[in-house]
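# Chains, contacts and geometry: an overview
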2 protein chains.
Amino acid sequence: MPSTPANAPLLVHFEAGTLGNWATTHLLPQIGEVLPSAPRLNIALDEKSGSAVWALKGVVSSLRYTTRAEAVDLLARSEGLGRPAATRGVLIPIRKSPAWWALAQDERRAIYEEQSRHTSIGMKYLPHIARRLHHSRDLSEPFDFLTWFEFAPAHEAAFDALLGELRASTEWTYVDREVEFRFDRVA
Amino acid sequence: MPSTPANAPLLVHFEAGTLGNWATTHLLPQIGEVLPSAPRLNIALDEKSGSAVWALKGVVSSLRYTTRAEAVDLLARSEGLGRPAATRGVLIPIRKSPAWWALAQDERRAIYEEQSRHTSIGMKYLPHIARRLHHSRDLSEPFDFLTWFEFAPAHEAAFDALLGELRASTEWTYVDREVEFRFDRVA
């Protein structure tokens, strides 16, 4: 059999149920079919339970639109997940429309950054709003992307402003399903 | 549970064993660990057998480097898979190195096309050499890409020239595992 890949992207499982370190505080339906709520969210590198209310997964993979110059800026300004003060967590699964996926790479990049300033908007809120993008589209999942955010409660208004900017962008006209969950970290 | 995605990429399974419409004629090791040979290759949208000598899978997904102008050219010149005269099939699984995946999108695109002319080289051999790219990297697979080619026996020398051009490119210095299998279609 083939050997294990040396450079495999990190596969992350998000499971809603009764397990996990994140307690659900808000379920905020946005676009299209919603997901059910559950008391807890478990984030893990393996599947934990057969009893999850819902389970989503995605891979932390190569970024599809980020240039080297942008990557250097992002890295310089970013702090990682897991900071002790960052006790708010938000999970936003989104799916983009067939029209988005019918675009070519240069057209998607132009909408993503030159028109919608997706990377630039996210950059403004660093390092307070940490995020990690998980790609799900190639995994036969119901969503294309799962974005996980962490920040301190004092920065929740800034987080709301970040979401407002992104949701007002041209890029978001291509989002055809979106659900938002907010959580508090529990000991 | 979440609904089935409307825009899911096509997941394709390649299984080597005793089943399938493609009879193995050549196993040509290229770079790194080889795969074992088997009499037949089965290509299907579902997993067929538990007895495969090896099984690989990939998704026909959005193209990561192709511009709209290139996509228009490719579509105009391409014929599909399954042409009756195209009785030769070739499967080339490749993996790219960690150094490749550490590059940003603009750096990968520059090597892929501006330096290595990957799309332009493939274009020269259309419509005779049909191909379909399957993305495997995000699926925790041992290879990053599976490329499937189909052509008539009369065009095998052209196919060899195509491979020679690609393998001489800068892009190929980032390939750290590659295996080539050739097949004849059987009734």
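With that out of the way, let us pick up the overall build of chain A. The helix and strand inventory of chain A stands at five helices and eight strands. Along the chain direction, N to C, the helices and strands of chain A fall in the order β-β-β-β-α-β-α-α-α-β-β-α-β. Taking 187 residues into account, the globule formula puts the C-alpha radius of gyration at 16 Å, and chain A, at 16 Å, falls close to it. Taken along the three principal axes of its C-alpha coordinates, chain A extends 50 × 45 × 35 Å. For chain A, buried positions account for 30% of its 187 residues. Taking as baseline every contact in chain A between residues at least 6 positions apart, the subset at least 24 positions apart corresponds to 78%.

Formed by 27 residues in total, the largest nonpolar core has its most connected members in Leu-41 and Leu-91 of chain A. When residues of this core are traced back to their parent elements, those giving at least two are β1 (10-17), β5 (88-96), β7 (145-151), α5 (156-167) and β8 (175-185) of chain A. Core analysis: the next-biggest nonpolar cluster, separate from the first, contains 26 residues, Ala-52, Leu-91, Tyr-174 and Val-175 of chain B among them.

So, on to the relation of the copies chain A and chain B. If you rotate chain A by 180 degrees and push it 0.0 Å along the axis, it lands on chain B with an RMSD of 0.0 Å. Between the two chains, the operation in question is that of a two-fold axis. Here 100% of the interface residues in chain A have copies in chain B that are interface residues too; the copies meet face to matching face.

Counting from both sides, the interface comprises 37 residues of chain A and, opposite them, 37 residues of chain B. Breaking the side of chain A that touches chain B down by element, the ones donating at least two residues are β4 (54-60), α1 (68-77), α2 (98-101) and α3 (105-115) of chain A. The element contributing the most residues to the side of chain A that touches chain B is α3 of chain A, with three residues. Residues that form the side of chain A that touches chain B fall into these classes: 18 nonpolar, ten polar and nine charged.

Cut-offs applied
- Residues numbered from 1 in each chain as written.
- Chains lettered and ligands numbered in written order.
- Predicted model: local features only at pLDDT ≥ 70, side-chain atom pairs only at ≥ 80, totals over all residues.
- Helix = DSSP H or I, 4+ residues; strand = E, 2+ residues; numbered from the N terminus.
- Rg over C-alpha atoms; globule rule 2.2 N^0.38 Å.
- Buried ≥ 20, exposed ≤ 12 C-beta atoms within 10 Å, placed from the backbone.
- Contact = placed C-beta atoms within 7 Å.
- Core = buried A, V, L, I, M, F, W, Y, C linked by C-beta atoms within 7 Å.
- Least-squares fit on C-alpha atoms with pLDDT ≥ 70 in both.
- Nonpolar A, V, L, I, M, F, W, Y, C, P; charged D, E, K, R; others polar.

The values reported here are purely geometric and, on their own, carry no functional implication.
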